[in-house]
Amino acid sequence: VKGEGRNGYSVYDDGLMEVADARQRLDSELRHAIANGEFELHYQAIVDAHTRRVCGAEALVRWRHPRRGLVPPLEFIPFAEESDLIDQIGQWVLRRACIEAAAWPDDTVVAVNLSPAQFRRANPVAMIRQALADSGLPARRLEIEITENVFLTGAEDNIAIVRQMKELGVSISLDDFGTGYSSLSYLTTFPFDTVKIDRSFTMNMTKRADCAAVIASVITLTRCLGVATIAEGVENHAQLELLRGAGVDFCQGYLFGRPAPAADLDFSRPAVMKQ
Ligand code: C2E
Ligand code: CA
Ligand code: CA
Ligand code: CA
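Criteria and thresholds
- Residues numbered from 1 in each chain as written.
- Chains lettered and ligands numbered in written order.
- Predicted model: local features only at pLDDT ≥ 70, side-chain atom pairs only at ≥ 80, totals over all residues.
- Heavy atoms only, no water.
- 1 Å grid on protein atoms, 1.4 Å probe; cavity = no way out; pocket = protein on both sides within 12 Å on 5 of 7 lines; lining within 4 Å.
- Points joined across faces, edges and corners; volume = space filled by probe spheres on them.
- Helix = DSSP H or I, 4+ residues; strand = E, 2+ residues; numbered from the N terminus.
- Expected span 1.5 Å × (residues − 1).
- Buried < 20%, exposed > 50% of the residue type's maximum accessible area, 1.4 Å probe, protein only.
- Arc of directions from axis to C-beta.
- Polar contact = N/O pair within 3.5 Å; in protein donor to acceptor, adjacent residues only side chain to side chain.
- Pairing = 2+ DSSP bridges.
- Right-handed = clockwise from strand over helix to strand, strands pointing away.
- Near = heavy atom within 4 Å.
- Salt bridge = Lys/Arg side-chain N within 4 Å of Asp/Glu carboxyl O.
- Donors = N, O, S within 2.8 Å, 3.2 Å for Na, K, Ca; no water.

Taken as a whole, the largest pocket spans an internal volume of roughly 1200 Å³. Residue lining of the largest pocket: 37 residues in total, with Glu 58, Leu 60, Pro 73, Leu 74 and Asn 113 positioned closest to the centre. Looking at the lining of the largest pocket, the elements with two or more residues in it are strand E2 (54-65), helix H2 (77-80), helix H3 (85-101), strand E6 (171-177) and helix H7 (199-204). At five residues, E2 tops the list of elements feeding residues into the lining of the largest pocket. Considered as a void within the structure, the second largest pocket measures approximately 250 Å³ in volume.

Further remarks concern helix H4 (residues 124-135). If you check H4, its first and last C-alpha atoms are 17 Å apart, about what twelve residues at 1.5 Å a residue would give, namely 16 Å. Among the residues of H4, Pro 124, Val 125, Met 127, Ile 128, Ala 131, Leu 132 and Ser 135 are the ones counted as buried. Seen along its axis, H4 keeps its buried residues to an arc of 160°; they face one direction. Among the residues of H4, the N-terminal cap falls to Asn 123, whose side-chain oxygen and the backbone nitrogen of Val 125 are separated by 2.9 Å. One or two positions beyond H4, positive phi appears at Gly 136, with a value near 75°.

With that out of the way, let us pick up unusual backbone geometry. Positive phi outside glycine occurs at Arg 52, with the angle close to 65°. By the element assignment, Arg 52 lies in the loop between strand E1 (39-48) and E2.

Quick look at the pairing of strand E4 (residues 109-113) now. Note: E2 against E4, four bridges, orientation parallel. Bridge pairing in E4 links Glu 58 to Ala 111. Judged from the four bridges that link them, E4 and strand E5 (residues 142-146) form a sheet pairing that is parallel. Its bridge partner being in E5, Asn 113 is matched across the sheet by Glu 145. In this view, the connection linking E4 to its parallel neighbour E5 by way of H4 has right-handed handedness.

The next thing to look at is the site of ligand 1. Around ligand 1 lies a shell of 22 residues, among which Gln 44, Arg 62, Arg 199, Glu 235 and Tyr 254 are the nearest. One of the side-chain nitrogen or oxygen atoms of Asn 113 is found 3.2 Å away from an oxygen atom of ligand 1. Within the side chain of Asp 176, an N or O atom sits 3.3 Å from an oxygen atom of ligand 1. Those elements that place two or more of their residues in the shell around ligand 1 are E2 and E6. In terms of residue count, the dominant contributor to the shell around ligand 1 is E2 (four residues).

All right, on to the pattern of salt bridges then. Side chains carrying opposite charge are able to pair once their charged atoms draw close together. Under the definition given, this model contains 17 salt bridges. For the salt bridge of Arg 31 with Asp 27, the shortest nitrogen-to-oxygen distance reads 2.8 Å. Linking Arg 31 with Asp 27, this pair stays in helix H1 (residues 8-36), spanning four residues, or about one helical turn. You can call Arg 31 partly exposed: its relative accessible area is 34%. Given the relative accessible area of 16%, Asp 27 is considered buried. A salt bridge links Arg 31 to Asp 84; the shortest N-O distance between them is 3.1 Å. Here the residue Arg 31 occupies a position in helix H1, and Asp 84 occupies one in the loop between H2 and H3, the gap between them amounting to 53 residues. When salt bridges with common partners are traced through the structure, they connect Asp 27, Arg 31 and Asp 84 into a single cluster.

Taken together, the protein donors to the calcium ion (ligand 3) comprise Asp 175 (OD), Asp 176 (OD), Glu 232 (OE) and Glu 232 (OE), at separations of 1.8 to 3.0 Å. Spacing between the donor residues of the calcium ion (ligand 3) along the chain follows D-D-x55-E. Between the two metal centres, the calcium ion (ligand 3) and the calcium ion (ligand 2), the spacing is 3.7 Å, with Asp 175 acting as a shared donor. You can see Asp 175 sitting in strand E6 and its partner Glu 232 sitting in the loop between strand E8 (228-231) and helix H9 (237-246), a full 57 residues away along the chain.

Printed below as a string of structure tokens:
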């Protein structure tokens, strides 16, 4: 609310108070949600670009709010990242994903997002070790998705922590590749198993030659480094064909399925494409 006239300041103050109130409310509602088990995981299939085999799925958290219905992660994860809430939510997500994935075929993988904030207070290695032990999921079936932001703050320490994760036997993927400032340099900072090409490139590749060129060279580069590629946000056949031509390994996107409860995943046959 913008202040007006001589009362501008007090109106502005009211606005700040409202923001503070809203934050306070969200904070207490999230604490309640953690205690009450209001979160659930949806999974989006990760598909072999050439055989359409469903090789695994990415876990994406949702909040089943008693009044607001299903709340998407971008409406509460960034807020949770500013406090200790992300630690508890993140721990629940990881544990739950490992437990659900333990029931999937043995040659599938579950990918779990780990935000930079989860490196701040506690070392997430112990959390991963515990989730694997509790669920019985073999480490090789867990993939941890991090963004290059993990390496911006506390760079040296965090690289060491991610190395410890790899030593547990989990694989590490570099999420949202291409959106950061210095993506290319991170490929040599750490031995990633997988690079996820951001949706912003996939989205534009059939319209813009420069985006298609970026994707093609990223795939060539990662192949030289022995790193697999996943293209995010694949929505149509034209994108899939271009990506296959460029040699992408895996695809994820609405063409193969939206995120849905684990029960909706079908590993028994090649992914069905929409249309
Ligand atoms: P992300 O990790 O990049 O996840 C991919 C997002 O793209 C998901 O949104 C997914 O639903 C959406 N998406 C997938 N395919 C398509 C497509 O073909 N077209 C379009 N338009 N979108 C597609 P979602 O589930 O809303 O998640 C948003 C972000 O929230 C995630 O981005 C991730 O950064 C964060 N997030 C989600 N779950 C978790 C979690 O458990 N922990 C943490 N730390 N972050 C999470
Ligand atoms: Ca992700
Ligand atoms: Ca992503
Ligand atoms: Ca993204």
